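What the coordinates show
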Amino acid sequence: MYEPTIQKIEVLRLEKRLDDRLFYLRDAEEGAAVPVNDIKVRLRPRPWLEKWERQNLRGISNIDEYLTDKRRRTAKDHEKPWEKYDLMKQYRSTIPEEHQKEIYSEVYSHILT
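Just so it is clear, the structure is predicted and the values come from calculations on it, not from any experiment.

Criteria and cut-off values
- Sequence order sets the numbering: in each chain, residues are counted from 1 along the sequence as written.
- Under the rules for a predicted model, residues below a pLDDT of 70 receive no local features and side-chain atom pairs below 80 are neither given nor counted, while totals for whole chains, interfaces and linings still include all residues.
- Side-chain numbers here rest on the full set of heavy atoms in the structure, without hydrogens or water.
- For every residue, the predictor assigns a confidence score, pLDDT, that lies between 0 and 100.
- For the purposes of this entry, the term helix denotes a DSSP run of H or I that reaches at least four residues, the term strand denotes a run of E that reaches at least two, and both are numbered from the N terminus.
- Contact between two residues is taken to exist if any of their heavy atoms lie within 4.5 Å; hydrogens are not considered.
- Pairing of N or O atoms within 3.5 Å defines a polar contact, subject to two protein rules: one partner must be a possible hydrogen donor and the other a possible acceptor, and residues neighboring in sequence count only if both atoms are side-chain atoms.
- Each patch is built from residues that are more than 30% exposed by relative accessible area and take part in no salt bridge. Like charges join if they lie within 9 Å; nonpolar side chains (Val, Leu, Ile, Met, Phe, Trp, Tyr) join within 5 Å.
- All accessibility values rest on the Shrake-Rupley procedure with a 1.4 Å probe; residue burial counts only the protein chains present in the view.
- Every case where a carboxyl oxygen of Asp or Glu lies within 4 Å of a side-chain nitrogen of Lys or Arg is listed as a salt bridge.
- Throughout, exposure labels follow a simple rule: accessible area from a 1.4 Å probe, protein chains only, divided by the maximum for the residue type, with under 20% read as buried, over 50% as exposed, and the rest as partly exposed.
- The criterion for an aromatic pair is that two Phe, Tyr or Trp rings (for Trp, the six-membered ring) have centres within 6.5 Å, with stacked assigned to planes under 30 degrees apart, edge-to-face to planes over 60 apart and tilted to the rest.
- Two limits define a charge over a ring: the Lys NZ or Arg CZ must be within 6 Å of the ring centre, and within 35 degrees of the ring normal.

What to know about the confidence of the model for the chain
Summary statistics for the chain give a mean pLDDT of 82 and a share of 90% for residues scoring 70 or more. Between the elements of the chain, mean pLDDT differs from a low of 84, seen in helix α2 (residues 87-94), to a high of 90, seen in helix α1 (residues 69-77).

Rendered as structure tokens:
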């Protein structure tokens, strides 16, 4: 992004958040504080942009108010507890991009022959 009026950008504070994906902030109540560390936001009533109950998010305080038993069961059915044991997923997320390109080019060359 280029903006000629911006001369400098400084990082004032680098913090770790409770959740990796903060897209649920789009459905947060107006004026609710942005979750920094252990602060949690309250969601507006449904409809939401996504099915937040399926994502096991810790930055939402009132999600249980809006969930019916059916939605809780559906969320439980969509859980993926095995992903923490998925070694290939962990490997793909940690391998440097230059190594990925080498591996993919080698794989593609074998596929094409």
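Considering the side chain of D27
One can find D27 in the segment before α1. Among residues more than four places away in sequence, those in contact with D27 are L43, R44, W48, L49, E50 and W52.

What to know about the side chain of N62
Within the element layout of this structure, N62 appears in the segment before α1. Side-chain polar atoms of N62 contact the backbone nitrogen of L43, separated by 2.7 Å. Excluding anything up to four places from it in sequence, N62 contacts V41, R42 and L43.

Considerations on a nonpolar patch on the surface
Taken together, M88, Y91, I103, Y104, V107, Y108, I111 and L112 make up a surface patch of nonpolar side chains, about 850 Å² in accessible area. Of all elements in the fold, only α2 and α3 (97-112) reach the threshold of two or more residues within the nonpolar patch. Top contributing element to the nonpolar patch by residue count: α3, with six residues. Tracing the chain through its elements places M88 in helix α2. Looking at M88, the relative accessible area reads 47%, which means it is partly exposed.

Considering the packing of aromatic side chains
In the structure shown here, the tally under the stated rule is three aromatic pairs. With 5.8 Å between their ring centres and 80° between their planes, W48 and Y66 make a pair best called edge-to-face. Of this pair, W48 sits in the segment before α1 while Y66 sits in the segment before α1, and the two are 18 residues apart along the sequence. According to the relative accessible area criterion, W48 is buried, its value standing at 11%. Their ring planes at 35° and their centres at 6.4 Å tell us that Y104 and Y108 sit as a pair that is tilted. Of this pair, Y104 and Y108 both sit in helix α3, four residues apart, which is roughly one turn of that helix. Above the plane of the ring of W48 lies R46, whose end atom (NZ or CZ) is 4.4 Å from the centre.

Comments concerning the pattern of salt bridges
Side chains carrying opposite charge are able to pair once their charged atoms draw close together. Using the criterion set out here, one finds nine salt bridges in the structure. The salt bridge partner of K76 is E79, with a shortest N-O separation of 3.9 Å. Close ionic contact of E83 with K89 constitutes a salt bridge, the shortest N to O distance being 2.9 Å. Note on K89: relative accessible area 36%, which makes it partly exposed. Here the salt bridges do not stand alone but share partners, grouping R46, E53 and R71 into one network.

Side note on unusual backbone geometry
In this structure, the amide linkage connecting R46 to the following residue, P47, adopts the cis form with an omega of 10°. Assignment of secondary structure puts P47 in the segment before α1. A positive phi angle, near 50°, is found at N56, a position not held by glycine. With respect to the helices and strands, the residue N56 is situated in the segment before α1. Of the residues examined, N56 reaches a relative accessible area of 68% and is grouped as exposed.

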